[in-house]
Amino acid sequence: MTTFQQRRLGVMAAGFGTFINLYTTQAILAVLAGAYGVPLAETGLTVTAPLAAVAIVAPFVGSISDRLGRKRLIVGAGFLLAVPTLAIAFAPSFAALLAFRFAQGLLLPFIFAVTIAYIGDEVTDAENISLAGNYSIGTILGGFCGRLVAGYSAALIGWRAGFIFLGTLTAAAALIVMLCLPREQRFRPQRGVRAALEGFAAHLVNPRLIATYAAGFAVLFSIVATFTFVNFLLAAPPYRLGPAELSNVFATYLVALVSTPLATRLAIRFGRRVTLTLAALSGIAGLLLTLAAPLGWVVAGLALGVGGMFIEQVMALGFIGTVAARAKSTAVGLYVTFYYIGGSLGGLLPAGIWHAAGWPGCVALVAMVQLVMLAIALPFWRPA
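K.L.:
So what about the environment of Cys180? Which residues, and what values?
P.N.:
Residue position: Cys180 is located in helix H8 (residues 159-180). In this structure, the C-alpha to C-alpha distance between Cys180 and Val61, residues 119 residues apart in sequence, is 23 Å. Other than its neighbours up to four places away in sequence, Cys180 contacts Gln6, Leu9 and Gly10.

K.L.:
Hey, could you go over the state of the cysteines for me, with residue numbers and the actual values?
P.N.:
Evaluated as defined, the whole model comprises zero disulfides. Its sulfur unpaired, Cys145 is 18 Å from the next cysteine sulfur, which belongs to Cys180. What makes Cys180 buried here is its relative accessible area of 18%.

K.L.:
Please provide a residue-by-residue account of the environment of Leu241, values included.
P.N.:
Residue placement: Leu241 occurs in the loop between helix H10 (207-235) and helix H11 (243-249). Between the C-alpha atoms of Leu241 and Gln6, which are 235 residues apart in sequence, the distance is 41 Å. The contacts of Leu241, once residues within four sequence positions are left out, are Leu234, Ala235, Leu246, Val249 and Leu295.

K.L.:
Outline helix H4 (residues 71-88), supporting the account with residue identities and numerical values.
P.N.:
Compared with the 26 Å implied by 1.5 Å per residue over 18 residues, the 27 Å span of H4 between its first and last C-alpha is a close match. Turning to H4, its buried residues are Lys71, Leu73, Ile74, Val75, Ala77, Gly78, Leu81, Ala82, Pro84, Thr85, Ala87 and Ile88.

K.L.:
Give a description of the environment of Ala132 that names residues and reports values.
P.N.:
Positionally, Ala132 belongs in helix H7 (residues 125-156). Accessibility expressed as a relative area gives 2% for Ala132, which makes it buried. For the pair Ala132 and Val57, spaced 75 residues apart in the sequence, the C-alpha separation amounts to 22 Å. Ignoring sequence-local partners within four residues, the contact set of Ala132 consists of Ile119, Val314, Leu317 and Gly318.

K.L.:
Break down the packing of aromatic side chains for me, citing the residues and quoting the values.
P.N.:
Counted under the stated rule, the structure contains 17 aromatic pairs. Pairing Trp159 with Phe163 gives two aromatic rings, centres 6.0 Å apart and planes at 90°, and the pair type is edge-to-face. Taken together, the residues span about one helical turn, with Trp159 and Phe163 both in helix H8 at a distance of four residues. The two residues Trp159 and Phe163 agree in class, both being buried. An angle of 25° between the planes, with centres 5.6 Å apart, marks the rings of Tyr335 and Tyr339 as stacked. Of the two residues, Tyr335 and Tyr339 are both situated in helix H15 (residues 328-348); the distance of four residues between them amounts to about one turn of the helix. The residues Tyr335 and Tyr339 share a single accessibility class, namely buried.

Thresholds, definitions, all that
Residues numbered from 1 in each chain as written. Predicted model: local features only at pLDDT ≥ 70, side-chain atom pairs only at ≥ 80, totals over all residues. Heavy atoms only, no water. Helix = DSSP H or I, 4+ residues; strand = E, 2+ residues; numbered from the N terminus. Contact = heavy atoms within 4.5 Å. Disulfide = S-S within 2.5 Å. Buried < 20%, exposed > 50% of the residue type's maximum accessible area, 1.4 Å probe, protein only. Expected span 1.5 Å × (residues − 1). Phe/Tyr/Trp six-rings, centres within 6.5 Å; stacked < 30°, edge-to-face > 60°.

This is the structure in structure tokens:
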């Protein structure tokens, strides 16, 4: 196995280990409401809690990584992440469940942000796009498997047993990263508080990075809003889907396994701006398709929508390493902050719209966020 192939496997495992934990509860919100006796809308906090934790800690992850290195943080965080995942299986109350979900979020940036910084450090621009695609494939598989395991466990053996299995898979992903991901070769540590502050300042006045952060905000806002509130749509009449059936709906994530490699080829040939535009328009078209009543049309719309959203993520992740001249991990940490702030708000802001206008209102909100993202990103994504 070549060094590049090892990197591919390592970053895919890192992405898998991150996202198998992030959105797991989306498929079992109704089950958790019954288990803990809380309102259904309140269970959305189990999605928001880890996202909020990530947004809080992510800016500091970059500074830590820029001093200490890459692989050791990715591997260490991966193994530690298995602990709160396993603890969820024994959560005695809804408050404890939220606390363990928050603890998961505190560890996730040490995998997500540092892996993207590793990619930006170690490879050329063309390889950067390819590895970012491999990482995204890992996140797609992780996001799908997390929901699938949670949903089917809830239906067959109990949701708590599902989290024991998820904790085991998390530790296995960390082991693969430890064995396969080569140690960083081009990393140059930055020492001192002054260097960290200078890195923050440089990134926050870089309009190309700010535009990229806006894209990240829009991506996760759209994904979380779509897949949280479509659960409420599909669990209610006339669909009445149970937890296992809702897990099957998340198979739409697997469309991104096709769209992501296609995106890398499009970006290399036509550029990131064209690819980002096509992705956003595809995502909006998919959302509009979900407004059709038949379940098949809803599922097809979700597939088209999530395919476009993951293409946006690949474009943004690859662009950070190109635009940030130094302190790449800090640049990625700031991206992760905006990304997960978007995800946190995606789980909260549509709630009022859901009560007032239902699913069509949520679709309109996400479409608007996508269009605003394009208006911000495209002017600043022109080649330097």
